[in-house]
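Coordinate inspection notes
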There are 2 protein chains.
Amino acid sequence: MTSPQQPGPARPTSRDVARAAGVSQATVSLVLGGKWPGRVSEVTAQRVRDTAAELGYRPNLAARSLRLGRTRTALLVVPALTNEFFARVYAGAAALAAEHDFGVVLYPSPDGTGPARDPFASARAALDGVIASSMAADALDALHGADLPLVMLDSDPSDTGPAAHVNLDIADGMRQVTGHLLGLGHRRFLHLASAVGTWTFAVRAQALREALDAAGGATVRTVRAPLDVGAGREAAERALTAAGERPTAIICDDDILAAGACKAARRLGLRVPDELSVTGFDDLALATALEPELTTVGLPAEQVGERGMEALLAVLDGRPAEQRGLPVELVVRGSTAPPPATARA
Amino acid sequence: MTSPQQPGPARPTSRDVARAAGVSQATVSLVLGGKWPGRVSEVTAQRVRDTAAELGYRPNLAARSLRLGRTRTALLVVPALTNEFFARVYAGAAALAAEHDFGVVLYPSPDGTGPARDPFASARAALDGVIASSMAADALDALHGADLPLVMLDSDPSDTGPAAHVNLDIADGMRQVTGHLLGLGHRRFLHLASAVGTWTFAVRAQALREALDAAGGATVRTVRAPLDVGAGREAAERALTAAGERPTAIICDDDILAAGACKAARRLGLRVPDELSVTGFDDLALATALEPELTTVGLPAEQVGERGMEALLAVLDGRPAEQRGLPVELVVRGSTAPPPATARA
DNA sequence: ACCTCGACGTTATACGTAACACTTCGGCGA
DNA sequence: TCGCCGAAGTGTTACGTATAACGTCGAGGT
C-alpha cells in the first residue's frame, strides 16, 4: 500500500472545522487563537473547540507562518552536537523555547567534511532569530550577513554586531583552577588549549597569566590540541617529555583534553594526582567516569542555552536583553593534589 | 537600536526580483525552480539569477511549503541528545538529509521532567515524515496516531505500524562479545542492562542466553541500571558484592554502564581486566578515554541515522524501503582478559 | 494568404491562516 | 421613535510561492 499521494482524507483545515461547527472560518481562528473573549460567546467557543478536537484539527504551521510573517522558530548554530556541552546547550534552549511555544532548529556545523553548507538552507522554516556559538566559526559570516536578530554565545562582547551576548565567566573559572593549584603548591604549569586564536582562548590565557603573575615565580607553557582524547594525549605526552623541567600540573581547556592528559600521564608512568595534577573544563559526564575523577570547572551549559533563548525572546519583543556573565564553579575531585616533594624543593 | 518591527527594507520576494529583472513572478519561480529549460531562454534565465543574487533573494519557505503541501522536513525523535550515540544518529540523518535538500528537526524527548510535550508542536514546520528511536517511548503513541510516514529505529520488526524499520544487528553484537569472553575462558557473567522491558533488551537477553547455552556450563545474572555512570557503578557494586560466586566478566548494554562497572571494580579493589573483564556497547568516545580502554561493540550510529533518512526518503518517493540489519563490530581493547587462575579452577 | 507550431513567456489561481473592517440585532436612554 | 452601542459573528483580504492554462509572435509549410 504505497500511496505517495493523498492516502486518507486530507488533514482538516480550519474551514472544515468551521463547517462542522456551523460557524465561519474566522470564528474558528478567533477561538483557537485565544482571542475570543468579548467577540465570541462561550457556548460557540466551546462548540468550536470540541469539533476541532473531534476532527483532530492541527493548524497548518506553514500557512500560519506565511500569514504572520513570524515562525516562532530559532536557529541554534553550534559545532558538533557530539560534544556533550553543546548537546546540553541545545537542551536548555529547547526547554525554554518550548515554554514560550517556540521551536529550535539546529545547524549542525559540518565536522570538517561537507562543503560548508548554508546555515539558512538547513533550517527549513523561515527563522525569527539566531543563537550562535562563537565556536561554529564557519557559519558566522553568513549569520552576520542576514539581518536576523542574533544572540552570540561566548563571543567577544566588544563585538557590537550581535543583538545580545551570553557569556560564561570563563576568566573567573580560570582564576579558580589556577588559584586551587597554586594553593596546593604548584608552580610549573602546562596549559593544554583547544582553540588558540579565538576570543575564549584569549580570555583564558590572560586570566591564567594574571593569576600566575600575581602569585609570582610561576611558569606556564601553552600547547594546542584538537578537541579529542587522542589528540590531547599526544600533545600532553609530547609536552611532558620535552626538554626542561617537567610541569607538575596540566590545566586543560576541556574535560576531553584532560582525559587525554590523564592517558598521557599513565603512559609515562606518572600517577595522577600524586605525580601530576590535571584539571579540565565543562564538567562533562566524562569527568566522573574517569579514575580518578576529574577536578574541573563546571559550566552551566543548559543555562547558556536558556539565557541565549531568553535574550533572543527579549530582543524579539523589543525588550532589552540583559547581558550578564554566567557564574562557573570549580569542582574539586580526585585529579589534583600537591606536587611531589621532589618538585617542591 | 531595538527595532521590533521592519528595520530595513523587508526581505525581497520573488515578485521584487521579477520587477527588477523585468519579467513576471512566474518566470522567476520557473528559473529558480530549475524548470526553465524549454520554457525560458538562457539569457533571461541568467538575468533572473543575477538579479536574484543581487537582491539577496531567499525564497520564503513557509510560502513554498504552503503551496506544495510538502516541507522537505523530517522529525527525528530521540531520547536525550546528551547521549553521544543519538547525537551521532542525528548527525548521520542530518548529513544525508542535507544532500537531498531536506531538513531534520529534533524532538528532544523530555529528560524525565517536563509534561511530555507534543512532538508535533515542538516541530514548528509541518512535517513530511518522522524517524523515531524506539527508546523515546513517551512520544511513540502520538507518532502512531498521526498518519505520517514513520521510520522506526531499533524497534521490533514484527510491529507493522511503521513504514520501515532500521535495525542494528544487536543480537550479533551480543554473540560476538559473549563469544570473545567465552573464548577467554569466562563462565560466570553479569549482564548489566539498561532498558529491561524493551525490544532491544529482549533481543540482547536472548542472544546472550543462546550463546551461553551453546557453550554450556556458563551462568549469567542480569541487573538493571538507569543509563548513567553513577547508577551503573552502584548496580555493579551491589552485584559484585552479593552472595554467591562472583562473576568474572560484566557485559554491559552500554559504554556508560561499563564505565560505571569499571569504577565499581576499582572501588572493590578488583583490577580490570586481570581480575574482572568489562565490555560495553556503542564505542563512544568514552570507550577510549577510560583506562584501560574499553572492549566494546561498535555501533555505526551515523549509519543508523543515514539509513533512517534513506528509508524515509524512499517511502516518500513511493519506493519500497529496503529493510536490513546494520552490521556491528566487536572492538577488542584493554578491558577484557582471561579470568584469574583462581576462578578457572 | 492561411494555418500550425514551437519558443518564450504571462495571467490567474490556490494553498490555510489571521486580522481588519463590516454587518446584524436586540436593548436602552432620550 | 430615533439613534447609538455592544455583543456576536461574518466577509474579505493578503501573506509568497508554484504551476496549470493561456497568450503572443514570428518562421515555415502548403
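Residues numbered from 1 in each chain as written. Chains lettered and ligands numbered in written order. Predicted model: local features only at pLDDT ≥ 70, side-chain atom pairs only at ≥ 80, totals over all residues.

- By the naming in an unreviewed UniProt entry, chain A is LacI family DNA-binding transcriptional regulator, taken from Streptomyces sindenensis.

What to know about the protein's contact with DNA strand D
- With respect to spatial proximity, 29 residues lie near DNA strand D, and among them Ser-24 and Ser-41 of chain A together with Thr-13, Ser-14 and Ala-26 of chain B are the closest.
- Residue classes in the surface near DNA strand D are distributed as eleven nonpolar, twelve polar and six charged. (Near = placed C-beta within 6 Å. Nonpolar A, V, L, I, M, F, W, Y, C, P; charged D, E, K, R; others polar.)

Quick look at the sheet that holds strand S6 (residues 188-193) of chain A
Residue and element names in this part refer to chain A.
- Strands sit in the order S7-S6-S8-S9-S10-S12 across an open sheet of six strands; the sheet is mixed. The open sheet has two free edges, formed respectively by strand S7 (219-224) and strand S12 (329-331), since each of these has just one partner strand. Taking the axes of each pair of neighbouring strands and ignoring which way they run, one obtains an average angle of 20° across the sheet.
- Here strand S8 (residues 249-252) runs beside strand S9 (residues 277-282); their pairing, made up of three bridges, is parallel. (Pairing = 2+ DSSP bridges. Helix = DSSP H or I, 4+ residues; strand = E, 2+ residues; numbered from the N terminus. Axes fitted to C-alpha atoms, helices over the stretch in contact; angles between N-to-C directions.)

Details of the environment of Leu-276 of chain B
Residue and element names in this part refer to chain B.
- Here Leu-276 lies in the loop between helix H11 (255-267) and strand S9 (277-282).
- Accessibility expressed as a C-beta count within 10 Å gives 29 for Leu-276, which makes it buried.
- Sequence-wise, Leu-276 and Val-130 are 146 residues apart; in three dimensions their C-alpha atoms are separated by 43 Å.
- With residues up to four places along the chain from it excluded, the contact list for Leu-276 reads Thr-248, Ile-250, Ala-265 and Leu-270. (Buried ≥ 20, exposed ≤ 12 C-beta atoms within 10 Å, placed from the backbone. Contact = placed C-beta atoms within 7 Å.)

Describing the protein's contact with DNA strand C
- Neighbouring DNA strand C are 27 residues; Thr-13 and Ser-14 of chain A together with Ser-24, Ala-26 and Ser-41 of chain B lie closest to it.
- Put simply, the parts of the chain that give the surface near DNA strand C at least two residues each are helix H1 (14-21), helix H2 (25-32) and helix H4 (61-68) of chain A together with helix H2 (25-32) and helix H4 (61-68) of chain B.
- In terms of residues, the surface near DNA strand C owes the most to one element, H4 of chain A, which gives five residues.
- Residues of the surface near DNA strand C, tallied by class, amount to ten nonpolar, eleven polar and six charged.

Thoughts on the interface of chain A and chain B
- Each partner contributes to the interface: chain A provides 49 residues, whereas chain B provides 46 residues.
- The set of elements that each furnish at least two residues to the side of chain A that touches chain B consists of H4, helix H5 (84-99), strand S2 (103-108), helix H6 (119-122), helix H11 (255-267) and helix H12 (285-289) of chain A.
- A per-element tally of the side of chain A that touches chain B places H5 of chain A first, with seven residues.
- For the side of chain A that touches chain B, the class distribution of residues is 27 nonpolar, eleven polar and eleven charged.

Thoughts on the UniProt feature "domain: HTH lacI-type" (unreviewed entry) in chain A
- Mapped onto this structure's residue numbering, the UniProt feature "domain: HTH lacI-type" (unreviewed entry) falls at residues 12-68 of chain A.
- In the segment residues 12-68 of chain A, helix accounts for 67% and strand for 0%; the C-alpha atoms at its two ends are 20 Å apart. (UniProt positions renumbered as here; feature names shortened; annotations may be inferred.)

Structural notes on the domain arrangement of chain A
- According to the domain assignment, chain A consists of domain 1 (14-59), domain 2 (71-168 + 301-326) and domain 3 (170-300 + 330-344).
- Of note, the centres of domain 1 of chain A and domain 3 of chain A, computed from C-alpha atoms alone, are 62 Å apart. (Domains from an automatic or database assignment.)

Concerning the relation of the copies chain A and chain B
- Screw-axis analysis of chain A against chain B gives a translation of 0.0 Å along the axis, an RMSD of 0.1 Å, and a rotation angle of 180°. Taken together, the rotation and translation relating the two chain copies correspond to the operation of a two-fold axis. In terms of proximity to the rotation axis, the leading residue of chain A is Ala-62 of chain A, whose C-alpha is 2.4 Å off the axis. (Least-squares fit on C-alpha atoms with pLDDT ≥ 70 in both.)

Digging into the nonpolar core
- Counting residues in each nonpolar core, the largest one holds 185 residues, and the members touching the most others are Tyr-90 of chain A together with Tyr-90 of chain B.
- Leave out the neighbours within four places in its chain, and Tyr-90 of chain B touches Leu-81 of chain A together with Leu-76, Val-78, Leu-81, Val-104, Leu-106 and Gly-305 of chain B.
- Core analysis: the second largest hydrophobic core is formed by nine residues, Val-17, Val-31, Ala-45 and Tyr-57 of chain B among them. (Core = buried A, V, L, I, M, F, W, Y, C linked by C-beta atoms within 7 Å.)

Considering the environment of Ala-98 of chain B
All names here are of chain B.
- Considering the arrangement of structural elements, one finds Ala-98 in helix H5 (residues 84-99).
- The buried category is assigned to Ala-98, around which 20 C-beta atoms lie within 10 Å.
- Ala-98 sits 17 residues away from Leu-81 along the chain, and the two C-alpha atoms are 20 Å apart.

Here's the deal with the packing of helix H10 (residues 229-241) of chain A against H11 of chain A
Residue and element names in this part refer to chain A.
- Between H10 and H11, the shortest axis-to-axis distance is 7 Å and the interhelical angle comes to 50°. As the angle between them shows, H10 and H11 are arranged oblique. The crossing of H10 and H11 is right-handed. Taken together, the residues of H11 that come into contact with H10 (itself represented by Val-229, Gly-230, Ala-231, Gly-232, Arg-233, Ala-236, Glu-237 and Leu-240) are Ile-256, Leu-257, Ala-259, Gly-260, Ala-261, Lys-263, Ala-264 and Arg-267.
- Grouping the amino acids of the contact of H10 with H11 by side-chain chemistry returns nine nonpolar, three polar and four charged. (Parallel < 35°, antiparallel > 145°, perpendicular 65-115°, else oblique. Left-handed = near helix turned anticlockwise from the far one by under 90°.)

Description of unusual backbone geometry
- In the segment running from Val-272 of chain A into Pro-273 of chain A, the intervening peptide bond is cis, with an omega of 10°.
- For Pro-273 of chain A, the position within the fold is in the loop between H11 and S9.
- Notably, Asp-283 of chain B is not glycine yet its phi reads approximately 55°, a positive angle.
- Within the element layout of this structure, Asp-283 of chain B appears in the loop between S9 and helix H12 (285-289).
- Among the residues examined, Asp-283 of chain B registers 24 C-beta atoms within 10 Å and is labelled buried.

Concerning helix H9 (residues 199-215) of chain B
Residue and element names in this part refer to chain B.
- If you check H9, its first and last C-alpha atoms are 25 Å apart, about what 17 residues at 1.5 Å a residue would give, namely 24 Å.
- Looking at H9, one finds that the buried residues are Thr-200, Arg-204, Ala-207, Leu-208 and Ala-211. The arc that holds every buried residue of H9, seen down its axis, measures 100°, which confines them to one face. Facing away from the buried side of H9 by more than 90 degrees, the exposed set consists of Gln-206 and Asp-213.
- On its buried face, H9 is in contact with helix H8 (170-184), strand S6 (188-193), strand S7 (219-224) and strand S8 (249-252). (Expected span 1.5 Å × (residues − 1). Arc of directions from axis to C-beta.)

Topic: the sheet that holds strand S4 (residues 150-153) of chain A
All names here are of chain A.
- Within the open sheet, the six strands sit side by side as S2-S1-S3-S4-S5-S11. Their pairing is parallel. A single partner strand is all that each edge strand has here, and the edge strands are S2 and strand S11 (325-326).
- Two elements, strand S1 (residues 73-78) and strand S3 (residues 129-133), share four bridges in a ladder whose sense is parallel. Pairing of Ala-74 across the sheet is with Gly-129, part of S3.

Overview of the packing of H2 of chain A against helix H3 (residues 42-55) of chain A
All names here are of chain A.
- One can describe the packing of H2 onto H3 by two numbers: an axis separation of 10 Å at closest approach and a directional angle of 90°. Here H2 is positioned roughly perpendicular relative to H3, judged by the angle of their axes. Where H2 abuts H3, its residues Thr-27, Val-28, Val-31 and Leu-32 lie against Thr-44, Ala-45, Val-48, Arg-49 and Ala-52.

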